[in-house]
Amino acid sequence: MTAAATVLAITTSCAEGTSDDSNATTAAEPPELRSALDDAVRQGIPGVQVVITQDGRHRAVTSGAADTASGRAFALDDRIRIASNTKSFVATVMLQLVGEGKVELDAPVERYLPGFVHGNGYDGHRITVRNLLQHTAGLADYIEPEKMAKSAGNLHRQPFDAATLVGEVLATKPPLAEPGERMIYTNAGYLLAGLVIEKVTGRPVGTEITTRIIQPLELASTYYPEPGETALRGPHAHGYLVIDGQRTDATELDPYGIGGADGAIVSTGADLNRFFTALLGGRLLAPHLLEEMQRTVPADALQPGAQAGLGLMRIPVSCGTAVWGHGGATLGFATRGGVTADGVAATVTANLLPQPTEAATAMKAAFDAAVCPPESIPPQLARNLDEIVRQGIPGTQVVFTAAGRDRQVAAGVADTASGRPFALDDRVRVGSNTKTFVATVVLQLVNEGKIELDAPVERYLPGTLQGNGFDGNRSTVRQLLQHTAGLPDYADEELLENFDTVRTQQLEAADLVRTVLAKKPPLFEPGTGWQYSNTGYLLAGMLIEKITGQSVGAEIARRIVEPLGLNSTYYPQDGETIIRGPHAHGYRDANGTFVDATDMNTSWAGAAGALVSTAADLNRFFIALLDGRLLPPHLLAEMKHTVAGPPDSRMQYGLGLMRRQVSCGKEAWGHGGDLEGFTTRSVVTPDGRAVHLTVNLLTMEDQPRAAIDAAFDTAVCSQ
């Protein structure tokens, strides 16, 4: 990928490749927006752009490439196909005609298109104009994915005639519901709406949109294509789709091949923002007609909590508010635009469709970040983080994740040499958070019938847990995962005393287990007590490898990291000592001097603590785990079946998962990890919000640990 394809920058109209626009501006870039756009590109979208408009001024934040051939980034004046955002223009024209007395909203379609909606269960006398605009007519859709793919592969050109297409769908597909019964999104209704406009005005729908909206608002980059027009006029982004596994340029797609009044318009993010701002600001419709447009019905099938008006959607966003706008998806482009209650407009564009699920999630997060005001930092949390630094720790970071958005609060430095602070994409060694990944893989194998939770370890690792008082026939898989097997810890004082040697060696889990079992007896009878032991997780990793024939790292990657798109998470290869990519540095305190402890061979930690990740990735993992995306309900329930942890603690332990209680009374599920150089803690609260804390020094001193506890407590309670 070219440098231009990887850059993420705020662009203005004065940037190279854009036109001069005195209404363009620069502003601070929200870190959540940067993270979401970057993530969308990592998930396979060639390029993305968010245009934010406030008080008539535009700013564009972009990532990736608008044109993969040249590698250039999106420009503020790049035209794109805005697809179903066209519906808002069409509905506006229809409501203007209502205001002029030429159309009645609740009049039957039969009045305007006599005999057209008839037969095969359809009756134009029972379907109203309002039904067409609100997707409540029960009409089947004329668009089918197979036909779209065929059109795209056939030189992007298919003849289009709205009347013919609607006639075909009404003749071949029965109604999906009774008129007015419920909202079912269908493009056919807007083709009919376009035909109504043309019948009433005697002019093409594109002409009416131009004279009533585009020209009055001076949307200079917006137009309704002429019949058969295939190229995008003027400066434009390229749109792409995947055909037979190959990314294909779909820019010169005849919009009449798959859309007319339901999705043909070409525009820019800035023009679309101007349109929605003018519409919601009352410049296009009288107040009573705008009120009609905003009368909604549930549209949860499109997005949970969404509401459908007349060509206008009320879309909930993660900060608890909602925007009014629309979205659009056509081969090559996906857009979402809207305006907040305080007048901030945003349009997000991606130049690939269809999109991978993870990419679509990132696009939603980008839109939310664009329209949600920056969340304030709880003052007490800022004080807590400052106290951690005052206690002699180089730097600390808290990352909150909710509804796909990440928000960071940091203090101190991630690297003492450069003095730079923590960044959202800084990888760290996450230590014992690895255990939750390992336990998840074991439980997935349980679900597949390859392991039994209450089977003896001897069944899977014969002879491994024997001698010196140990008996693999009496210790179960569940006990390994819950620290109730009575196993001594191999990561003991002797290992730590020789750590400068250990950190450079390639060690095998079987050897570490064999050594500790030979020199230390059981701590208690299996199942009769609880004692945290890394040894049990080395055994769990060995069990995974025995059952699957693959390394534990490979299974974690295949089953968790790759499906969830945790692109900054990995299990180190044998002999690997550095942290790949952007990362914080971890330190140890050598008599008051920070010594860099970042580089090490973590084979000694293995399945008990070797993973590298970021705070945001860990938050996504724990959210996915606890919302049921990785385990079926009965196994997630097993994972959350706990026993008491250490005395005088507010922690209970399940299967690789901790339940913590914080001072405000909240309970949260997660884990934590201590490894030389780093201390990390991760939890998810009952409402699905995740919190992760990192410090880049491992300390066992009481005062710094108390400061870390206080900061984490504040962070969780603030959610």
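Details of the structure are given in the entry above.
Everything quoted here is computed from the prediction, not taken from an experiment.

Draft legend 1. Structural context of the overall build of the chain. Across its full length, the chain carries 23 helices and 29 strands. Against the globule reference of 27 Å for 719 residues, the chain gives a C-alpha radius of gyration of 30 Å, in line with a compact fold. If one aligns the C-alpha atoms of the chain with their principal axes, the spans along those axes are about 95 × 55 × 50 Å. Looking at the 719 residues of the chain, the share that counts as buried comes to 58%. Of all intrachain contacts in the chain linking residues separated by at least 6 positions in sequence, the fraction that spans at least 24 positions is 68%. Here the chain displays about 27,800 Å² of accessible surface, and carbon together with sulfur accounts for 51% of that area.

Draft legend 2. Structural view of helix H7 (residues 188-201). In this model H7 runs 20 Å from its N-terminal to its C-terminal C-alpha over 14 residues, within 8% of the 20 Å that 1.5 Å per residue would give. With 10 of 14 residues buried, H7 lies mostly within the body of the structure. Within H7 the residues assigned to the buried category are Ala188, Gly189, Tyr190, Leu191, Leu192, Ala193, Gly194, Leu195, Val196 and Ile197. On its buried face, H7 is in contact with helix H3 (86-99), helix H4 (129-134), helix H6 (162-172) and helix H8 (205-217).

Draft legend 3. Geometry of the environment of Gln479. Mapped onto the fold, Gln479 is located in helix H15 (residues 477-482). Of the residues examined, Gln479 reaches a relative accessible area of 12% and is grouped as buried. Spatially, the C-alpha atom of Gln479 lies 9.3 Å from that of Val457, the residues being 22 residues apart in sequence. Residues contacting Gln479, with those up to four places away along its chain left out, are Arg474, Thr484, Ala485, Pro526 and Gly527.

Draft legend 4. Looking closely at the pairing of strand E12 (residues 313-316). Of the two faces of E12, the one holding Met313 and Ile315 is buried and the one holding Arg314 and Pro316 is not buried anywhere. Judged from the two bridges that link them, strand E11 (residues 307-308) and E12 form a sheet pairing that is antiparallel. The residue bridging Gln307 from the neighbouring strand is Arg314, located in E12. Taken together, E11 and the strand that follows it, E12, pair antiparallel across an intervening segment of four residues, in which Gly311 is found at a positive phi of about 70°.

Draft legend 5. Spatial organisation of the side chain of Glu576. As for its placement among the helices and strands, Glu576 is situated in the loop between helix H20 (552-564) and strand E21 (587-590). Among the polar contacts made by the side chain of Glu576, one reaches the main-chain amide nitrogen of Gln573 at a distance of 2.8 Å. Residues contacting Glu576, with those up to four places away along its chain left out, are Tyr570, Met600, Asn601 and Thr602.

Draft legend 6. Examining the sheet that holds strand E24 (residues 643-644) more closely. Read from one edge of the open sheet, eight strands run E17-E16-E29-E28-E27-E26-E25-E24, paired in antiparallel fashion. The open sheet has two edge strands, strand E17 (405-412) and E24, and neither has a second partner. Pairing analysis gives two bridges linking E24 to strand E25 (residues 651-653), with the strands arranged antiparallel. What sits directly across from Val643, in E25, is Tyr653.

Draft legend 7. Focus on the pattern of salt bridges. Across all of its chains, the model carries 39 salt bridges by this definition. Arg111 is the partner of Glu104 in a salt bridge, and the nearest nitrogen-oxygen pair spans 3.3 Å. Judged by relative accessible area, which is 46%, Glu104 ranks as partly exposed. Between Arg420 and Asp426 there is a salt bridge, with the nearest N and O atoms lying 2.9 Å from each other. Where salt bridges share partners, they join Glu100, Lys102, Arg203, Glu208 and Arg212 into one cluster.

Draft legend 8. Spatial organisation of the pairing of strand E16 (residues 395-402). Of all eight residues in E16, eight are buried, a share of seventy percent or more. Side chains Gly395, Gln397, Val399 and Thr401 of E16 all project onto a buried face; the interleaved residues Thr396, Val398, Phe400 and Ala402 project onto the opposite face, where all are buried too. Pairing between E16 and E17: eight bridges, direction antiparallel. Within E17, the residue paired with Ala402 across the bridge is Arg405. The hairpin formed by E16 and E17 contains two residues between the paired strands, and Ala403 there has a positive phi angle of roughly 50°. Here E16 runs beside strand E29 (residues 690-695); their pairing, made up of six bridges, is antiparallel.

Parameters at a glance
- Residues numbered from 1 in each chain as written.
- Predicted model: local features only at pLDDT ≥ 70, side-chain atom pairs only at ≥ 80, totals over all residues.
- Heavy atoms only, no water.
- Helix = DSSP H or I, 4+ residues; strand = E, 2+ residues; numbered from the N terminus.
- Rg over C-alpha atoms; globule rule 2.2 N^0.38 Å.
- Buried < 20%, exposed > 50% of the residue type's maximum accessible area, 1.4 Å probe, protein only.
- Contact = heavy atoms within 4.5 Å.
- Areas by Shrake-Rupley, 256 points an atom, 1.4 Å probe, with all protein chains shown as cover.
- Expected span 1.5 Å × (residues − 1).
- Pairing = 2+ DSSP bridges.
- Polar contact = N/O pair within 3.5 Å; in protein donor to acceptor, adjacent residues only side chain to side chain.
- Salt bridge = Lys/Arg side-chain N within 4 Å of Asp/Glu carboxyl O.

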